[in-house]
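Now for the letters of each chain:
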Amino acid sequence: ENFNAAQKVDLCFLMDATGSMASWIRLTKQKVTDIISSVQKAYPDSQFFVSVVAYRDFDQGSNSFQVLPFTSNISDVVKFLSTVDARGGDDEAEDINGGFQRLLELEWSNQTKILFHFADAPCHGPKYSNGSD
């Protein structure tokens, strides 16, 4: 019974979608789909529920986050990824903490939970970046 429960997997991708990722965003989205394909092939008896959280920076206001709730429909994930673009972020640090807050609000419902984080810059705060925030 525990083994069967462990084969249901929440797989979340947290992505930096700020302007500094412009040259990397296409590759990042491709890597997300590659990872999904690889784990499905490697673990054919498992069921994957995939979510994506794309974060930007404070300067994007209501466009700071794009969130796809967990779904087992991979074509929905691919469709969602096609809407994610890189923009904003006029300083080095990014709103990674905001991204983590959004992913913690997701409905994580399975025993096995995996998170991948794609980023090219640290979060805000003097402990993490050279900025004054």
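These numbers were taken from a predicted model, which means no experiment stands behind them.

Caption draft 1: Up close: the nonpolar core. Within the largest apolar cluster, 20 residues are counted, with the highest numbers of intra-cluster contacts made by Phe-13, Met-15 and Val-52. For this core, the elements supplying multiple residues, two or more each, are strand S1 (8-16), helix H2 (25-42), strand S2 (47-55) and helix H3 (74-81). It is H2 that contributes the most residues to this core, 5 residues altogether. Among all residues touching Phe-13, those that are not within four sequence positions of it are Val-32, Ile-35, Ile-36, Val-50, Ser-51, Val-52, Val-53, Phe-116 and Phe-118.

Caption draft 2: Geometry of helix H4 (residues 96-104). Three or more residues of H4 are buried, namely Ile-96, Gly-98, Gly-99 and Leu-103. Buried residues of H4, seen end-on, are gathered within an arc of 160 degrees and therefore sit on one face of the element. Turning to H4, the residues buried within the fold contact S1, S2, strand S3 (65-71) and strand S4 (112-118).

Caption draft 3: Focus on the environment of Ala-54. Mapped onto the fold, Ala-54 is located in strand S2. Look past the residues within four positions of Ala-54 in its chain and what remains in contact with it is Met-15, Ala-17, Ser-64, Phe-65, Gln-66 and Val-84.

Caption draft 4: Up close: the sheet that holds S1. Here we have 4 strands laid out as an open sheet, ordered S3-S2-S1-S4, and mixed in their pairing. At either end of the open sheet lies a strand with only one pairing partner, and these are S3 and S4. Averaged over all pairs of adjacent strands, the angle between their axes in this sheet comes to 15 degrees, without regard to strand direction. Where S2 meets S3, 5 bridges bridge the pair, whose relative direction is antiparallel.

Caption draft 5: Focus on the pattern of salt bridges. With the rule as written, the count across this model stands at 2 salt bridges. A cluster of three or more residues bridged by salt bridges with shared partners is formed by Arg-56, Asp-85 and Arg-87.

Caption draft 6: Quick look at the pairing of S2. Within S2, 8 of the 9 residues are buried, which leaves the element mostly enclosed by the surrounding structure. Note that S1 and S2 share 9 bridges and pair parallel. When the bridges of S2 are listed, Val-9 appears paired with Phe-48. After leaving S1, the chain enters H2 and then returns to the sheet as S2, a path that is right-handed.

Caption draft 7: Layout of the pairing of S1. Most of S1 is tucked away: 8 of the 9 residues are buried. Examined bridge by bridge, S1 and S4 share 7 bridges and lie parallel to one another. Within the sheet, the bridge partner assigned to Val-9 lies in S4 and is Thr-112.

So, how was this worked out
- Residues numbered from 1 in each chain as written.
- Predicted model: local features only at pLDDT ≥ 70, side-chain atom pairs only at ≥ 80, totals over all residues.
- Heavy atoms only, no water.
- Core = buried A, V, L, I, M, F, W, Y, C linked by side-chain atoms within 4.5 Å.
- Buried < 20%, exposed > 50% of the residue type's maximum accessible area, 1.4 Å probe, protein only.
- Helix = DSSP H or I, 4+ residues; strand = E, 2+ residues; numbered from the N terminus.
- Contact = heavy atoms within 4.5 Å.
- Arc of directions from axis to C-beta.
- Pairing = 2+ DSSP bridges.
- Axes fitted to C-alpha atoms, helices over the stretch in contact; angles between N-to-C directions.
- Salt bridge = Lys/Arg side-chain N within 4 Å of Asp/Glu carboxyl O.
- Right-handed = clockwise from strand over helix to strand, strands pointing away.

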